[in-house]
Amino acid sequence: MTALRFPRGLYGVTPEWDDTDRLLRAVRQAAAGGMRSLQLRRKDVPAATRREQALALARICRELGVVFLVNDHWELALEAGADGVHLGRDDGDLARVRAQAPDLVIGASCYDDIGRARDMLDAGADYIAFGAVFPSPTKPAAVRAPLDLFARARELAASRAAPRPAVVAIGGITPANAALVAQAGADAVAVITGLFEAADVGRAAMECTRPFLPPRADAPD
């Protein structure tokens, strides 16, 4: 299986929960179900709350072996000991962040724009993220990224030096449709509601992870 700069499979993204203990319990359940990476995404909270959760999540992710990223705030990612940062269009210049924080994993939102993806890879992105793939309760007005975009994105990523950058899908992804995105060419799926608001977080994680697992040697043809 091709080596990637970012984990293959389920990429959890935190919901807007202020209850940190509840969040940590859910992260444990998701990791037990196969979640390989996690992003702290808190847009409209006091900086102190974001920092508190970043520190707590960095600790538990180290314990669980989960790659941990902070959305938007690369300085906070460094302070908390996170593995990386995710940058959107308005979150700063990726090349500058790469120069100032060379060891961080950096992901970039590319929406439905393959040209932006090329620019982000040139600037040093470790993964490029596209979406919303399906209607998203988190961002209902988000631009839609068609499934056929992922084959093009994967081809673009494959042109880079190994281990290659990953291609991530986000937006409206659930256990019921994660396989469609994997089949389209995504290396990982970023999931908020379909994971953390599920009745059984661990089971939801397993179902989102399954499409990315290698075939079993004893599986029938």
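Residues numbered from 1 in each chain as written. Predicted model: local features only at pLDDT ≥ 70, side-chain atom pairs only at ≥ 80, totals over all residues. Heavy atoms only, no water.

Engineer: It is not clear to me how the UniProt feature "binding site: Mg(2+)" (unreviewed entry) in the protein should be interpreted in this structure. Could you clarify?
Structural biologist: The feature "binding site: Mg(2+)" (unreviewed entry), as given by UniProt, occupies Asp72 and Asp91 in the numbering adopted here. In three dimensions, the annotated residues from a span of 20 residues occupy one location, with a maximal C-alpha spread of 5.5 Å. Here Asp72 lies in the loop between β3 (67-71) and α3 (74-80). Sequence-distant contacts of Asp72, defined by excluding residues within four places in its chain, comprise Lys43, Val85, His86, Leu87 and Asp91. Reaching out from Asp72, the side chain makes a polar contact with the side chain of Lys43 at a distance of 3.0 Å. Inspection of the secondary structure puts Asp91 in the loop between β4 (84-87) and α4 (94-100). Once you skip the residues sitting within four places of it in the chain, Asp91 turns out to touch Asp72 and His86. (UniProt positions renumbered as here; feature names shortened; annotations may be inferred. Helix = DSSP H or I, 4+ residues; strand = E, 2+ residues; numbered from the N terminus. Contact = heavy atoms within 4.5 Å. Polar contact = N/O pair within 3.5 Å; in protein donor to acceptor, adjacent residues only side chain to side chain.)

Engineer: Mind showing me how you'd approach the sheet that holds strand β1 (residues 9-13) here?
Structural biologist: Either a parallel or an antiparallel arrangement is found when strands of a sheet pair, and the pairing is made through backbone hydrogen bonds. Read once around its circumference, the closed barrel built from 8 strands follows the order β1-β2-β3-β4-β5-β6-β7-β8, with strand pairing classed as parallel. Across the sheet, the mean angle from the axis of one strand to that of its neighbour is 25°, orientation sign disregarded. Sheet topology note: the strand β7 (residues 166-170)/strand β8 (residues 188-191) ladder contains 3 bridges and is parallel. Directly across from Ile170, in β8, lies its bridge partner Ala190. Here helix α2 (residues 47-64) sits on the sheet and contacts β2 (37-40) and β3; the angle it forms with β2, its principal contact strand, is near 170°. (Pairing = 2+ DSSP bridges. Axes fitted to C-alpha atoms, helices over the stretch in contact; angles between N-to-C directions.)

Engineer: I'm lost on the environment of Cys61 in this one. Help?
Structural biologist: Examined against the element boundaries, Cys61 turns out to sit in helix α2. Taking the relative accessible area as the measure of exposure, Cys61 reaches 1% and is therefore buried. In this structure, the C-alpha to C-alpha distance between Cys61 and Ser37, residues 24 residues apart in sequence, is 8.4 Å. In contact with Cys61, other than residues within four places in its own chain, are Leu38, Val66 and Phe68. (Buried < 20%, exposed > 50% of the residue type's maximum accessible area, 1.4 Å probe, protein only.)

Engineer: What is the right way to read the pattern of salt bridges from this model?
Structural biologist: Any two side chains of opposite charge can pair, on the condition that their charged atoms come close. Under the criterion given, the structure shown has 9 salt bridges. The salt bridge involving Arg164 is made with Asp187; its shortest N-O contact spans 2.8 Å. Of this pair, Arg164 sits in the loop between α6 (149-158) and β7 while Asp187 sits in the loop between α7 (178-184) and β8, placing them 23 residues apart in sequence. No difference in accessibility class separates Arg164 from Asp187, as the two residues are buried. Via salt bridges that share partners, Glu16, Asp18 and Arg42 belong to a single interconnected network. (Salt bridge = Lys/Arg side-chain N within 4 Å of Asp/Glu carboxyl O.)

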